[in-house]
Every structure is written in C-alpha cells, then in structure tokens.
Amino acid sequence: MQISESSLVTLGPAGTFSELAAQALIKQQSLRLATTLQDSVASVVEAISPTQLGLLPIENLTEGFVSPVVDALVVRPLTILAEIKLPIAFKLLANDTQPQSVWAQFVAAGQCRAALTRLSLPIIHTSSNGESMQQLVNADKPAAALVPAHIKCPANFYHLSDKAADTEHNETRFVLLSANSSAVEFDPQQRWKSSVLLIDDNDHPGLLVDSLSVFARRGINLTSIVSRPTGGGFGQYHFYIDFDGHRQQSHVAEALEQLAKLNQIRWLGSYQAA
C-alpha cells in the first residue's frame, strides 16, 4: 500500500488494543510510520492530517459499531485506506482476595457482562483500559479491574478470571483513515470492500429500499449497514454501508452512480478486506 503520510495516531494510553492494532497493521503492510497516542476518538480524528494517518476501532463482534467513529465520518470527510481485525480478550485482576469494587472501561464492560455479573461488585467506569489498570495499581483499598489479556500486571495481583469476555472469539475491526483522497489501486487477486455514507437530505417513502436495491440488482453483497441519527429530528438518519467490491469495478461504479441520484453520498473508499 502506497501512502504519503509519515505518522499514525491512535487511541492511548500505551497498551491499548488500538496501539496493538496499529503495531500489527504497520508490520502487516510494511509501513514506516511513527505512532502517537491520543485519549479520545475526537482527538484522533482532529489529529488526522495530510501528513498523519489515524487508526480507530469501528466495529466489535459482540457490541456492534462504535457510534462516535461513524458519527465522526459524517462530520469530517476522510478516506478508509485499510482495515484490520484484532482478537479481543480480557482478564479480571484484583489486589486482594475480597475486592470491593471493579474498574472497567465502558465498552469493555459491555463485552464482559457475564464475568462482571458473577463478580457482583459495584462497577466504576473508566475512559480506557489503561486507566482501569492504573487505578488498580494505585488503589489503596481492595479492588479489581477488567483489563486486556495482553497487558502485563504485577506479580502479586490475583487472577479472578483469565477469560472474562462473553464471547471466546471476540474481535474488533479497526480502520485506517486518511485526510487525503487518493484511492487504493484495484488488484483482482485480492478481496475488496468499500464503504459509503448516505447523508439524509432527501427523505421520502421507500428511499432506503430504493437505495439498497441499487446494490441488489447488481449482485453486490452488503457486509454491514448501520443507521445514525442526524440530530435534526426524530426519524432522520444517516446510513453507513460496507459492501464487497472495489470502486474501479464496473458494477460497483454503476451502483455508486445510481446511488448518487437518490442520495447525497459521502464516499469513504475501497480497501482490501481484512
């Protein structure tokens, strides 16, 4: 993959799944990128520039789409250059055999409901998995924390559960985002995906059915579709759509041309499927 950017920004602090995904993508694509960390989705999106890429989680196997990331793509024109899937595993640690509370990042808590329910402790939500770990390290009272399985922990901590996730084979899909509009060249030997946003500015009965039939008539498989409220009123939505194929393929180009007659569309890019 040819890129012009010289660095990459993703979610921190150090040790997050996002940083792990960034390292895996850099190795997989043989990229030479310096990595920096930000503390929020908004900060990562703001940091993406003509010289800096961004990597963000967009979908989890059990929790679905990451709404703030989809919403950010509505607000700011960005291009998806690649995607990568990362296995997601959690463990429950404690500094005492009788913890009184548990720290858990809010998304991670949703992926580990059963283990947290069995623990039956008050949950203190954190903004990141790294913060959960740090809170436990600094705690002066009996406590526990839900943390990524790959994070190293002090030897004196108790392992309450080494497999805390509800789904054994949980994964998160990350997308590599660019402020530049250059396309990834089509290679017929690879499997391709594309993404597009339908911006709600021409709502009428049957609009979504008409839009989806554009893909169906050309045999294009939709891999995901998610609606996000516009904030302008009840019943008004933007739609984020992933589908198989590359824009340089004739049937995909025809579908996009027809789709543009029905909606305001935001093209997000074609990229190799993970």
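Let me sum up the structure you'll find in this document. (Residues numbered from 1 in each chain as written. Predicted model: local features only at pLDDT ≥ 70, side-chain atom pairs only at ≥ 80, totals over all residues. Heavy atoms only, no water.)

1. Brief notes about the overall build of the protein chain
When its secondary structure is counted, the protein chain shows eight helices and 15 strands. Taken over C-alpha atoms, the radius of gyration comes to 21 Å for the protein chain, in line with the 19 Å a tight globule of 274 residues would show. Taking the principal axes of its C-alpha atoms as reference, the protein chain extends roughly 60 × 45 × 30 Å. Looking at the protein chain residue by residue over its 274 residues, the buried ones come to 46%. Look at the contacts in the protein chain between residues 6 or more apart in sequence, and 76% of them connect residues 24 or more apart. Approximately 13500 Å² of the protein chain is accessible, and the part contributed by carbon and sulfur atoms is 51%. In the protein chain, which carries 19 positive and 25 negative side-chain charges, the distance between the mean positions of the two groups comes to 4 Å. (Helix = DSSP H or I, 4+ residues; strand = E, 2+ residues; numbered from the N terminus. Rg over C-alpha atoms; globule rule 2.2 N^0.38 Å. Buried < 20%, exposed > 50% of the residue type's maximum accessible area, 1.4 Å probe, protein only. Contact = heavy atoms within 4.5 Å. Areas by Shrake-Rupley, 256 points an atom, 1.4 Å probe, with all protein chains shown as cover. Lys, Arg positive; Asp, Glu negative; His and termini not counted. Charge placed at Lys NZ, Arg CZ, Asp CG, Glu CD.)

2. Considering the nonpolar core
Counting residues in hydrophobic clusters, the biggest one holds 33 residues, and the most contacted among them are Leu55, Phe90, Leu146 and Leu176. Per-element accounting of this core gives the leading share, five residues, to helix 1 (residues 17-28). Each residue touching Leu55, except ones within four places of it in the same chain, is listed here: Leu8, Val9, Thr10, Leu11, Ser18, Ala21, Ala22, Leu25, Val44, Phe174, Val175 and Leu176. The next biggest cluster of nonpolar side chains, apart from the first, holds 25 residues, and it includes Ile48, Val69, Val70 and Tyr240. (Core = buried A, V, L, I, M, F, W, Y, C linked by side-chain atoms within 4.5 Å.)

3. Some details on the layout of surface pockets
Left-over empty space is what a probe sized like a water molecule reveals as it rolls over the atoms. Taken as a whole, the largest pocket holds about 660 Å³ of empty space. As for the largest pocket, its lining consists of 29 residues, of which Leu11, Pro57, Val66, Gln105 and Val107 are closest to the centre. For the lining of the largest pocket, the elements supplying multiple residues, two or more each, are helix 1, strand 3 (52-60), strand 4 (64-65), helix 3 (67-75), helix 4 (106-111) and strand 11 (171-178). The dominant element in the lining of the largest pocket, judged by the number of residues it contributes, is helix 4, at four residues. Taken as a whole, the second largest pocket encloses approximately 340 Å³ of empty space. Looking at the second largest pocket, it is lined by 19 residues, and the ones nearest its centre are Met1, Gln29, Leu81, Val184 and Gln272. Ranked by the residues each element gives to the lining of the second largest pocket, the list is headed by strand 5 (residues 79-87), at five residues. Its residues assigned to classes, the lining of the second largest pocket comprises nine nonpolar, six polar and four charged. (1 Å grid on protein atoms, 1.4 Å probe; cavity = no way out; pocket = protein on both sides within 12 Å on 5 of 7 lines; lining within 4 Å. Points joined across faces, edges and corners; volume = space filled by probe spheres on them. Nonpolar A, V, L, I, M, F, W, Y, C, P; charged D, E, K, R; others polar.)

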